[in-house]
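Notes for the structure review
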There are 2 protein chains.
Amino acid sequence: MGTTDTKTRILDAAQCLIQSRGINGMSYQDLSESVGIRKASIHHHFPSKLDMLNALLQRYQHEFADTVDAIVQSKITGKSKLKRYCALFQGTLATGEDGKTCLCGMMIAEIASLDDSGVQKIRQFVRTNTQQIVAMIESGMADGSLATQKSPKAVAELVLATLEGGLMVARSSGGPQQFDSIVNQLISLLTR
Amino acid sequence: MGTTDTKTRILDAAQCLIQSRGINGMSYQDLSESVGIRKASIHHHFPSKLDMLNALLQRYQHEFADTVDAIVQSKITGKSKLKRYCALFQGTLATGEDGKTCLCGMMIAEIASLDDSGVQKIRQFVRTNTQQIVAMIESGMADGSLATQKSPKAVAELVLATLEGGLMVARSSGGPQQFDSIVNQLISLLTR
DNA sequence: GTCTATAGCGCGATAGAC
DNA sequence: GTCTATCGCGCTATAGAC
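Our subject in this report is the structure included herewith. None of these values were measured; they are calculated from a predicted model. (Residues numbered from 1 in each chain as written. Chains lettered and ligands numbered in written order. Predicted model: local features only at pLDDT ≥ 70, side-chain atom pairs only at ≥ 80, totals over all residues. Heavy atoms only, no water.)

In terms of regular secondary structure, chain A is built from nine helices and zero strands. In chain A, the order of α-helices and β-strands from amino to carboxyl end is α-α-α-α-α-α-α-α-α. Relative to the globule expectation of 16 Å for 192 residues, the C-alpha radius of gyration of chain A, 18 Å, shows essentially globular dimensions. Each principal axis of the C-alpha atoms in chain A carries an extent, and together these give about 55 × 40 × 30 Å. (Helix = DSSP H or I, 4+ residues; strand = E, 2+ residues; numbered from the N terminus. Rg over C-alpha atoms; globule rule 2.2 N^0.38 Å.)

Structural data, given as structure tokens:
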């Protein structure tokens, strides 16, 4: 079927709007116009805005984790895994007319607007990604494609921070090209 | 005098609130309660919210640039300059009960809520900081405290991205301690 | 320069018909 | 499941007294 579930279409629109404008910069009215149904119909699927944000976070986190797992378990060098991982973030920035950012990066900025459940999901996103990056780095240390690191966990936290911050900086100024440059520099520093 | 200009007190309160909640998470009502004067009085000093945001960005950018200039021109090693620079961001996170982030990092996230003048100020912040980091790196390459880099500009962009992203990631999960770890790892990678 | 009062609008959310 | 209609609230902003 070419048709998509209404709930899914709402989440798609919400994700796109939040990635470019933020949680508090997006309204049910915006969603209504984007999806093509009325505000009340959105409330039927997601009674409150917090309900919607939590559903969105859950979907994003699971999709992202699965995609990254596929990379981690692929039969390529650790360095190649890391490159593909960075390309995931790169894709976020390139999609759409104005620069978008990682959904979780945006939600961390506006974390004060989330409930406890949302904050926990954000923390799990950070935790999961950090562990997955650690796996990639250890893989690269084992096959010799990445330089030996004292603390893979500290490196992983740095990688995640650089990618999240890189999306922000790049979308304000230099665009995808600047993000590429940052990623290349990061990989280069981890190779020597 | 222990008393402070009202305009300054408003900007102080606005900066604090925006650094923790974001542009769209802060209202004139919040400011009113924080400063201790009525909403209408805030409007007397800053007619529109965009006026206030622009004044705030201008002040922040100039103050920050001056502080960094003092570091760049100090008679210490390039590596020490970079460490002090990172400590500026570190200070932001540590101040206040809940984790705050760089004012410009937050505003980049919500850049869709700024006018053209505000966007330009953000870009200048990024440009200025990048140039200043380049100066620190070149200083460190000259005195041998930092490893030789092919492209100091690409490294500088990576440093800024890592610090901005590090503030975000750290305030969602590990706090100042995690930010320290990221900074140490960054310096370590630039030293070898 | 600060106040009270209020305009005007958009927001999240709900009731009830179809 | 989608609609029309509406509620109640908080927002930015303004008018005018003191």
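Right, picking up where we left off after that structure.
What follows deals with the protein's contact with DNA strand D. Taken together, 17 residues lie around DNA strand D, and A:Arg38, A:His45, B:Tyr28, B:Lys39 and B:Lys49 are the ones closest in. Measuring from a phosphate oxygen of DNA strand D, one finds a side-chain N or O atom of A:His45 at 2.7 Å. If one sorts the elements of the surface near DNA strand D by residue count, helix α3 (residues 39–45) of chain A sits on top with four residues. Among the residues making up the surface near DNA strand D, the classes are represented as six nonpolar, eight polar and three charged. (Near = heavy atom within 4 Å. Polar contact = N/O pair within 3.5 Å; in protein donor to acceptor, adjacent residues only side chain to side chain. Nonpolar A, V, L, I, M, F, W, Y, C, P; charged D, E, K, R; others polar.)

The subject of this paragraph is the interface of chain B and chain A. Listed by partner, the interface residues are 40 residues for chain B and 40 residues for chain A. Summing the contributions of chain B and of chain A, the shared interface buries around 3,300 Å²; its carbon and sulfur component is 62%. Sorting the residues of chain B by area buried against chain A places B:Leu158, B:Ser172 and B:Leu189 first, and these three jointly supply 16% of that buried surface. For the pair chain B and chain A, the number of links is zero salt bridges. At the junction of chain B with chain A, the criterion picks out eleven residue pairs in polar contact (both at pLDDT 80 or more). Breaking the side of chain B that touches chain A down by element, the ones donating at least two residues are α1 (6–21), α6 (103–109), α7 (116–143), α8 (152–172) and α9 (175–191) of chain B. Among the elements that line the side of chain B that touches chain A, the one with the most residues is α8(B), at 14 residues. When grouped by side-chain class, the residues that make up the side of chain B that touches chain A number 19 nonpolar, 14 polar and seven charged. (Contact = heavy atoms within 4.5 Å. Buried area = accessible area lost by both parts, 1.4 Å probe. Salt bridge = Lys/Arg side-chain N within 4 Å of Asp/Glu carboxyl O.)

This paragraph deals with the pattern of salt bridges. Residues and elements named next belong to chain B. Tallying each qualifying case throughout the model produces six salt bridges over all chains. Residues Arg 21 and Asp 30 are paired through a salt bridge, measuring 3.3 Å at the closest nitrogen-oxygen approach. Note on Arg 21: relative accessible area 33%, which makes it partly exposed. (Buried < 20%, exposed > 50% of the residue type's maximum accessible area, 1.4 Å probe, protein only.)

In total, this model carries twelve aromatic pairs over all chains according to the counting rule given. For the ring pair A:Phe64 and A:Phe89, a centre distance of 5.6 Å and an interplane angle of 75 degrees mean the geometry is edge-to-face. Taken together, the residues span a long stretch of sequence, with A:Phe64 in helix α4 (residues 49–72) and A:Phe89 in helix α5 (residues 78–94) at a distance of 25 residues. For the pair shown, A:Phe64 and A:Phe89 are each scored as buried. Between B:Phe64 and B:Phe125 the ring centres are 5.4 Å apart and the planes differ by 55 degrees, which places this aromatic pair in the tilted class. Remark: B:Phe125 occurs in helix α7 and B:Phe64 occurs in helix α4 (residues 49–72); sequence separation between them is 61 residues. Across this residue pair, the class does not change: B:Phe64 and B:Phe125 are buried. Here the aromatic cluster, defined as three or more aromatic residues joined through ring pairs, consists of A:Tyr60, A:Phe64, A:Tyr85, A:Phe89 and A:Phe125. Positioned above the aromatic ring of B:Phe46 is the side chain of B:Lys7, whose terminal nitrogen or guanidinium carbon lies 5.8 Å from the ring centre. (Phe/Tyr/Trp six-rings, centres within 6.5 Å; stacked < 30°, edge-to-face > 60°. Lys NZ or Arg CZ within 6 Å of the ring centre and 35° of its normal.)

A word on the protein's contact with DNA strand C. DNA strand C sits among 17 residues. The nearest are A:Tyr28, A:His43, A:Lys49, B:Arg38 and B:His45. Here DNA strand C approaches the protein such that, of its atoms within 4 Å, sugar and phosphate make up 59%. Here a phosphate oxygen of DNA strand C and a side-chain polar atom of A:Ser27 are 3.1 Å apart. At a separation of 2.8 Å, a phosphate oxygen of DNA strand C approaches a polar backbone atom of A:Tyr28.

Residues and elements named next belong to chain B. With respect to the element layout, Asp 30 can be found in helix α2 (residues 28–35). Overall, Asp 30 belongs to the partly exposed group, its relative accessible area being 22%. In this view, Asp 30 contacts Leu 17, Arg 21 and Gly 25; residues no more than four positions away in its chain are not counted. A distance of 3.3 Å separates a polar atom in the side chain of Asp 30 from a polar atom in the side chain of Arg 21.

Bringing the relation of the copies chain B and chain A into the picture now. The operation relating chain B to chain A is a screw motion whose rotation component is 180 degrees, with 0.0 Å of axial translation and a residual RMSD of 0.0 Å. Look at the turn and shift together and you get a two-fold axis relating the two. A share of 100% of interface residues in chain B that are also interface residues in chain A marks the association as one of identical surfaces. (Least-squares fit on C-alpha atoms with pLDDT ≥ 70 in both.)

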